[in-house]
Amino acid sequence: MTEKTIRVFSGVQPTGNIHIGNYLGALKQFVALQEEGKCIYCIVDLHAVTLPKDPAELRENILDVAALYLAIGIDPKDATIFVQSDVPGHAELSWLLTCCSYTGELSRMTQFKDKSRGGDSAPTGLFTYPLLMAADILLYDSDVVPVGQDQKQHIELTRDLAVRINNRFGDDTFVVPEGRFLKEGARVMALDDPAAKMSKSAESEMSRISLLDDESKIKKAIMRATTDSDGEIRYDAENKPGVSNLLSIYSAFSGRSTALLEKDYAGQGYGALKKDLAEVVVLALRPIRRQYDDIRGSQELALVLKDGAERANGIAEGVVQRVKDKFGLGTKRL
Ligand code: TYM
């Protein structure tokens, strides 16, 4: 076996309703990258409290994501799975990055602009959220960060900060990470509104397929998905966003390119495409759901997270100390 030299890091917020967008954009990559690198996968609970959360619900949602990580095929013996707030280094490094960033660059983050809707009563945590994300990544000397397209701007900011700080203190301060995006699945759109991204928080259940949805709900959401009236099965994201989104989801789950799918379905109606897609999605999610049901109530989960936190802390403490030394902070060097 060749030695794995790259370090992979990513995270998912425990905010419920993990959906096929999260899976196709990020989680699927988490599994595949285990072959390539040393993987660290975080449940980013500190990010989840940028907006008010019910504590009991948050606790459950953290375990839901941990169980999903295992259910999709992340091997906890090899990969590190842990909860962000169990590792103090995230908050500590985040502060140092806050002191090296500009309000202007944070104001330009589109996710902040969308979520704050231009008002000045947006929570400060929403504004500084990208710095916590940058800290997550830089804290583990990560080389590769598998994410969906919506995180691209945050990854660019992380790179800018790493380069800026390296210019000040030396190139051995931070590893400059790279985002990893898939060709198909990096941006899955809402089924009922292909102009919007599929999201955990959209009000309508018909907008998304959650990984734990039952089979009849999956079929219903796909059969009802918004298409158009010209009846032609063709990939054209600009003019046919609904059909293109379905083709893209189909391609990501089946491994067949959208061009091949167009050929397969030439002359057929949207009904046939939707029916087959529903079957493909049901078959792909069935084993995940079964695994999840076995794991979610097991004692193993808490042990995995405890072990993961110890391993993560082991790396994070060293990196925080290295960076504090660069800044001239603390008394360890006295
Ligand atoms: P979150 O929890 O919103 O989403 C988790 C992952 O799913 C991807 N994703 C999508 N991909 C394709 N189509 C969609 N419709 C879609 N919706 C979400 C996201 O891009 C993400 O990869 N800020 C991050 C969490 C985070 C993080 C990090 C990620 C915090 N620290 C460090 C990587 C590294 C977020 O809110 O993801």
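Residues numbered from 1 in each chain as written. Predicted model: local features only at pLDDT ≥ 70, side-chain atom pairs only at ≥ 80, totals over all residues. Heavy atoms only, no water.

**Digging into the overall build of the protein chain**
A count of helical and extended segments in the protein chain gives 13 helices and five strands. A compact globule built from 334 residues should have a C-alpha radius of gyration of about 20 Å, and the protein chain, at 21 Å, falls within 12% of that. The principal-axis extents of the C-alpha atoms in the protein chain amount to approximately 75 × 45 × 45 Å. Intrachain contacts of the protein chain at a sequence separation of at least 6 include 76% that bridge at least 24 residues. For the protein chain, the exposed surface amounts to about 16000 Å²; the carbon and sulfur share of it is 51%. For the protein chain, the distance from the average site of its 42 positive side-chain charges to the average site of its 48 negative ones is 1 Å. (Helix = DSSP H or I, 4+ residues; strand = E, 2+ residues; numbered from the N terminus. Rg over C-alpha atoms; globule rule 2.2 N^0.38 Å. Contact = heavy atoms within 4.5 Å. Areas by Shrake-Rupley, 256 points an atom, 1.4 Å probe, with all protein chains shown as cover. Lys, Arg positive; Asp, Glu negative; His and termini not counted. Charge placed at Lys NZ, Arg CZ, Asp CG, Glu CD.)

**Observations concerning the state of the cysteines**
Scanning the entire structure with this criterion turns up zero disulfides. Distance from the sulfur of Cys-39, which forms no disulfide, to the nearest cysteine sulfur (Cys-42) is 14 Å. (Disulfide = S-S within 2.5 Å.)

**Concerning the packing of helix H9 (residues 215–223) against helix H12 (residues 270–296)**
Between H9 and H12, the shortest axis-to-axis distance is 9 Å and the interhelical angle comes to 150 degrees. Considered as vectors, H9 and H12 are oriented roughly antiparallel to each other. Where H9 crosses over H12, the two elements pack in a sense that is right-handed. Listed contacts from H12 to Glu-215, Ile-218, Lys-219, Ile-222 and Met-223 of H9 are Gly-271, Lys-274, Lys-275, Leu-277, Ala-278, Glu-279, Val-281, Val-282, Leu-285 and Arg-286. The residue inventory of the contact of H9 with H12, partitioned by class, reads eight nonpolar, one polar and six charged. (Axes fitted to C-alpha atoms, helices over the stretch in contact; angles between N-to-C directions. Parallel < 35°, antiparallel > 145°, perpendicular 65-115°, else oblique. Left-handed = near helix turned anticlockwise from the far one by under 90°. Nonpolar A, V, L, I, M, F, W, Y, C, P; charged D, E, K, R; others polar.)

**Topic: the domain arrangement of the protein chain**
Domain parsing of the protein chain yields domain 1 (6–186 + 299–327) and domain 2 (205–293). Between domain 1 and domain 2, the C-alpha centre-to-centre distance is 29 Å. Here domain 1 packs against domain 2, burying approximately 1400 Å² in sum over the two surfaces, 69% of which is carbon and sulfur. When the buried area of domain 1 at its contact with domain 2 is split by residue, Ile-20, Ala-71 and Glu-184 rank highest and sum to 40% of it. On the surface where domain 1 and domain 2 come into contact, there are zero salt bridges. Where domain 1 packs against domain 2, one counts five residue pairs in polar contact (both at pLDDT 80 or more). Elements represented by at least two residues in the side of domain 1 that touches domain 2 include exactly helix H1 (20–32) and helix H3 (55–72). In the side of domain 1 that touches domain 2, the residues fall into nine nonpolar, three polar and three charged. (Domains from an automatic or database assignment. Buried area = accessible area lost by both parts, 1.4 Å probe. Salt bridge = Lys/Arg side-chain N within 4 Å of Asp/Glu carboxyl O. Polar contact = N/O pair within 3.5 Å; in protein donor to acceptor, adjacent residues only side chain to side chain.)

**Overview of unusual backbone geometry**
Residue Asn-17 is not a glycine yet carries a positive backbone phi of 55 degrees. For Asn-17, the position within the fold is in the loop between strand E1 (6–12) and H1. A relative accessible area of 32% means that Asn-17 is categorised as partly exposed. With phi around 50 degrees, Asp-141 is a residue other than glycine that occupies positive phi space. By secondary structure assignment, the location of Asp-141 is in the loop between helix H7 (124–138) and strand E4 (144–146). The class of Asp-141 is buried, set by a relative accessible area of 18%. (Buried < 20%, exposed > 50% of the residue type's maximum accessible area, 1.4 Å probe, protein only.)

**Regarding H1**
Approximately 40 degrees is the largest bend angle found in H1, and it occurs at Ala-26. H1 sits mainly inside the fold: ten of its 13 residues count as buried. Within the span of H1, buried status applies to Ile-20, Gly-21, Asn-22, Tyr-23, Leu-24, Gly-25, Ala-26, Leu-27, Gln-29 and Phe-30. (Bend = angle between axes of the 7 residues up to and from the residue.)

**Brief notes about the site of the ligand**
Neighbouring the ligand are 28 residues, the closest being Tyr-129, Asp-136, Asp-150, Val-188 and Lys-200. Tyr-129 places a polar side-chain atom, nitrogen or oxygen, 2.7 Å from an oxygen atom of the ligand. The backbone of Gly-148 places a nitrogen or oxygen atom 2.9 Å from an oxygen atom of the ligand. Coverage of the ligand by the protein amounts to 96% of the 710 Å² it exposes when considered alone. If you map the ligand onto the pockets, it falls in the largest pocket. (Near = heavy atom within 4 Å. 1 Å grid on protein atoms, 1.4 Å probe; cavity = no way out; pocket = protein on both sides within 12 Å on 5 of 7 lines; lining within 4 Å. Sits in = over half its atoms within 2 Å of the grid points.)

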